[in-house]
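# Descriptive analysis of the structure
The primary structure of each chain is shown beneath.
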Amino acid sequence: MSAAAHTNNERAADARALDRSVVLVGLMGAGKSCIGRRLAQRLGVNFVDADAEIEDAAGCSIAEIFEKYGEEYFRDGERRVMARLLSEAPGILAAGGGAFMNSETREMIRNKAVSIWLRADLETLHARTKGRTHRPLLNTGDARATLQTLIDERYPVYAEADLTIDTGIDGPTMTCRRVLEALEQHMGAPLTASDP
Ligand code: S3P
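Bear in mind that the values here come from a model prediction, so they are computed numbers and not experimental data.

Once that is clear, we can look at the overall build of the chain. Secondary structure assignment for the chain yields nine helices and five strands. In the chain, the succession of α and β elements from N to C terminus is α-β-α-β-α-α-α-β-α-β-α-α-β-α. Its C-alpha radius of gyration of 18 Å places the chain within 12% of the 16 Å reference for a compact globule of 196 residues. Projected onto its principal axes, the C-alpha coordinates of the chain cover approximately 65 × 35 × 25 Å. Each of the 196 residues in the chain was classed as buried or not, and the buried ones make up 44%. Accessible area of the chain: about 10,200 Å², with a carbon and sulfur share of 47%. Looking at the chain, you have 24 positive and 29 negative side-chain charges, and the mean spots of the two groups are 3 Å apart.

Structure, rendered in structure tokens:
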């Protein structure tokens, strides 16, 4: 048996399936949905986008929720949806940018999941969110300045995540690979793709 095959066999023997959900946190435009989808595919687990779940539960878009009921109402729904998603089978969960700012949600994530902060700089976030209109916080005023304010407010809190991966440097394939490597290191074992 070649050395490489031997290593692969050892890897397979140690490998285990994901036993906790992975929650991706970070600002709008950090790539939580894009990386989350890829990661879920690699691991053969479900991908859930918390924003889409909130929209389904409310029967309207996030922009409409903000407009009709205000941000506080949205945050309350977000907290409840996150609690529900965290009680479901392990999978990859992309949290909305503000979800991790809620201390109750943060505590729940700490107890039940592994959190990964996808960190990106202002230029990357601005370039990726420019021209998109579905994010109410960026629809009024100077979106670049808003993103800078959110960076200042939120990055110290996002830094509480279990792992931090810089995005915006590599393309999604490489970023996903780096996320998976960091996750496996954190879990102390290679992760297998579970049966579909
Ligand atoms: C928000 C981020 C959005 C969405 C809402 C508020 C935030 O999600 O939840 O517009 O407060 O940062 P994404 O980070 O998935 O864009």
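Moving on, there is more to tell.
In this section: the pairing of strand β5 (residues 163–166). Side chains L163 and I165 project from β5 onto a buried face, and the interleaved T164 and D166 project onto a face without burial. One ladder, built from four bridges, connects strand β4 (residues 113–119) with β5; its direction is parallel. In the strand pairing of β5, W117 is matched with T164.

So, about helix α4 (residues 62–69). The complete set of buried residues in α4 reads I62, I65 and F66. Seen along its axis, α4 keeps its buried residues to an arc of 95°; they face one direction. Residues E67 and K68 are exposed on α4 and point more than 90 degrees away from its buried face. The elements touched by buried residues of α4 are α3 (50–58) and α5 (71–86).

As a further point, take the sheet that holds strand β3 (residues 92–94). Ordered by their spatial adjacency, five strands build an open sheet running β2-β3-β1-β4-β5, and the pairing between neighbours is parallel. A single partner strand is all that each edge strand has here, and the edge strands are β2 (47–49) and β5. This sheet shows a mean twist of 25° between the axes of neighbouring strands, independent of strand direction. Both strand β1 (residues 21–25) and β3 contribute to a ladder of three bridges, which runs parallel. Among the inter-strand pairings, V23 is bridged to a residue of β3, identified as L93.

The subject of this paragraph is the side chain of T124. Examined against the element boundaries, T124 turns out to sit in helix α7 (residues 122–129). What makes T124 buried here is its relative accessible area of 14%. At 2.7 Å, the side chain of T124 forms a polar contact with the side chain of D121.

A few words on the site of the ligand. In the vicinity of the ligand lie 14 residues, with K32, D51, R75, R135 and R154 positioned nearest. In this structure, D51 approaches the ligand through a side-chain N or O atom, which is 2.6 Å from an oxygen atom. Contact distances for the ligand include 3.5 Å between an oxygen atom and a backbone N or O atom of G98. Looking at the shell around the ligand residue by residue, the classes come out as five nonpolar, three polar and six charged.

Conventions used here
Within every chain, residues take consecutive numbers counted from 1 along the sequence as written. It should be noted that, the model being predicted, local features are given only for residues of pLDDT at least 70 and side-chain atom pairs only at 80 or more, the latter also being counted only at that level, while totals for whole chains, interfaces and linings use all residues. Calculated side-chain values reflect all of the structure's heavy atoms, with hydrogen atoms and water omitted. Helix and strand assignments follow DSSP, with helices taken as H or I runs no shorter than four residues and strands as E runs no shorter than two, numbered in order from the N terminus. We compute the radius of gyration from the C-alpha atoms alone; for a globule the expected value is 2.2 Å times N to the 0.38, where N is the number of residues. Only protein chains enter the accessibility calculation, which uses a 1.4 Å probe; a residue whose area is less than 20% of its type maximum is buried, one above 50% is exposed, and one in between is partly exposed. Here the accessible surface of atoms and residues is derived via Shrake-Rupley with a 1.4 Å probe, and residues count as covered only by protein chains that are part of the display. Here the positive residues are Lys and Arg and the negative ones are Asp and Glu; neither His nor the chain ends is included. A single reference atom marks each charge: NZ on Lys, CZ on Arg, CG on Asp, CD on Glu. A pair of strands counts as paired when DSSP detects no fewer than two bridges linking them. The arc in question is formed by the directions pointing from the helix axis toward the C-beta atoms. We call two residues contacting when some pair of their heavy atoms lies within 4.5 Å. Convention adopted: a line fitted to C-alpha atoms gives each axis, helices being fitted over their contacting stretch, and angles between N-to-C directions are expressed from 0 to 180 degrees. Whenever a nitrogen or oxygen atom comes within 3.5 Å of another N or O atom, the pair is scored as a polar contact, on the condition that within protein one atom can donate a hydrogen and the other can accept it, and that pairs from neighbouring residues in sequence are kept only if both atoms are in side chains. To be near a molecule or strand, a residue needs just one of its heavy atoms within 4 Å of it. Note on residue classes: Ala, Val, Leu, Ile, Met, Phe, Trp, Tyr, Cys and Pro are nonpolar, Asp, Glu, Lys and Arg are charged, and everything else, Gly too, is polar.

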